[in-house]
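# Reading the structure
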Amino acid sequence: MDSHFYNVDINWNQDRKGVMCSPELNKEANSCIDVATPPEFPKGIPGIWSPEHLFTASVSSCLMTTFLAIAENSKLEFENFSCQSKGKLEKIDGKFLMSQIILEPTVTIYDEKERERAERVLQKSEKACLISNSIKSEVIMKPIIKIVEVEAV
């Protein structure tokens, strides 16, 4: 695979807030998002995506897209994938850094017999995630496998 570049344009608009867009995405489809300093910092703004949220989202969404590719290649049939994630910001040696990302993916499968395969696919996905492999934060995954409940007729 050749190298790829992903372009992001940030424009400050007021206070501690700006707008983030990509020329590769359709601006008419409202693909731009507001970004701001999080409220935990001076003059931070609540209710707007922050770099810390985007960092955490990048790891979580990479796990999902990697899982979808590996699940397809592994012929794993599943009903649902979701992932809750938490990014831990802390000050270490005088610098703020995202020290830890906790991923809690939930995969819902149709048959208990597929549990091991689903767990393997999740583990492979975590190891293959290019974003996780590109950062120095500790990534912790706590997977949950659910079985589709069949309603009694």
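Model, not experiment: these values are computed from the prediction.

Regarding its fold elements, the protein presents two helices and seven strands. Moving toward the C terminus, one meets the helices and strands of the protein in the order β-β-β-α-β-β-α-β-β. When each of the 153 residues of the protein is scored for burial, the buried share is 29%. Considering only contacts in the protein between residues 6 or more positions apart, those separated by 24 or more positions represent 52%. Surface summary for the protein: the accessible area is close to 10700 Å², and the carbon and sulfur share equals 52%. Here the protein contributes 18 positive and 23 negative side-chain charges, whose respective centroids are spaced 6 Å apart.

Its location among the elements puts Glu77 in the loop between helix H1 (51-73) and strand S4 (78-92). When the C-alpha positions of Glu77 and Lys91 are compared, they lie 42 Å apart, and in sequence the two are 14 residues distant. When sequence neighbours within four positions are dropped, the list of residues in contact with Glu77 reads Ile109 and Tyr110.

Structurally, Thr66 can be placed in helix H1. For Thr66, a relative accessible area of 13% corresponds to the buried category. Those residues in contact with Thr66 that lie beyond four places of it in its chain are Ser125, Ala128 and Cys129.

Under the counting rule described, the total for this entry stands at three aromatic pairs. Relative to Phe96, the ring of Phe41 has its centre 5.2 Å away and its plane inclined at 75 degrees; by these criteria the two rings are edge-to-face. Of this pair, Phe41 sits in the loop between strand S3 (33-36) and H1 while Phe96 is found in strand S5 (residues 95-109), placing the two residues 55 residues apart along the sequence. Measuring from ring centre to ring centre gives 5.2 Å for Phe67 and Phe78, while their planes differ by 65 degrees; the resulting arrangement is edge-to-face.

On the basis of which strands lie adjacent, the open sheet formed by three strands has the order S1-S2-S3 and antiparallel pairing. Strands with a single pairing partner mark the edges of an open sheet, and in this sheet they are strand S1 (9-14) and S3. On average, each strand axis in the sheet is inclined to that of its neighbour by 35 degrees, with strand direction left out of account. Strand direction decides the pairing type here: strand S2 (residues 17-21) and S3, joined by four bridges, are antiparallel. By the bridge assignment, Gly18 is partnered in S3 with Val35.

Our next topic: the side chain of Lys17. In this structure, Lys17 sits in strand S2. One buried charged residue, Lys17, remains without a salt bridge, the closest side chain of opposite sign being Asp34 at 4.1 Å. Those residues in contact with Lys17 that sit more than four places away from it in its chain are Trp12, Asp34, Val35, Ala36, Ile45 and Ile48.

With the rule as written, the count across this model stands at one disulfide. Here Cys21 is linked by a disulfide to Cys32, with a sulfur-sulfur distance of 2.0 Å. In this structure the cystine formed by Cys21 and Cys32 twists about its S-S bond by roughly 120 degrees; its chirality is therefore right-handed. Taken as a pair, Cys21 in strand S2 and Cys32 in the loop between S2 and S3 lie far apart in primary sequence, 11 residues in all.

Thresholds applied
Residues numbered from 1 in each chain as written. Predicted model: local features only at pLDDT ≥ 70, side-chain atom pairs only at ≥ 80, totals over all residues. Heavy atoms only, no water. Helix = DSSP H or I, 4+ residues; strand = E, 2+ residues; numbered from the N terminus. Buried < 20%, exposed > 50% of the residue type's maximum accessible area, 1.4 Å probe, protein only. Contact = heavy atoms within 4.5 Å. Areas by Shrake-Rupley, 256 points an atom, 1.4 Å probe, with all protein chains shown as cover. Lys, Arg positive; Asp, Glu negative; His and termini not counted. Charge placed at Lys NZ, Arg CZ, Asp CG, Glu CD. Phe/Tyr/Trp six-rings, centres within 6.5 Å; stacked < 30°, edge-to-face > 60°. Pairing = 2+ DSSP bridges. Axes fitted to C-alpha atoms, helices over the stretch in contact; angles between N-to-C directions. Salt bridge = Lys/Arg side-chain N within 4 Å of Asp/Glu carboxyl O. Disulfide = S-S within 2.5 Å.

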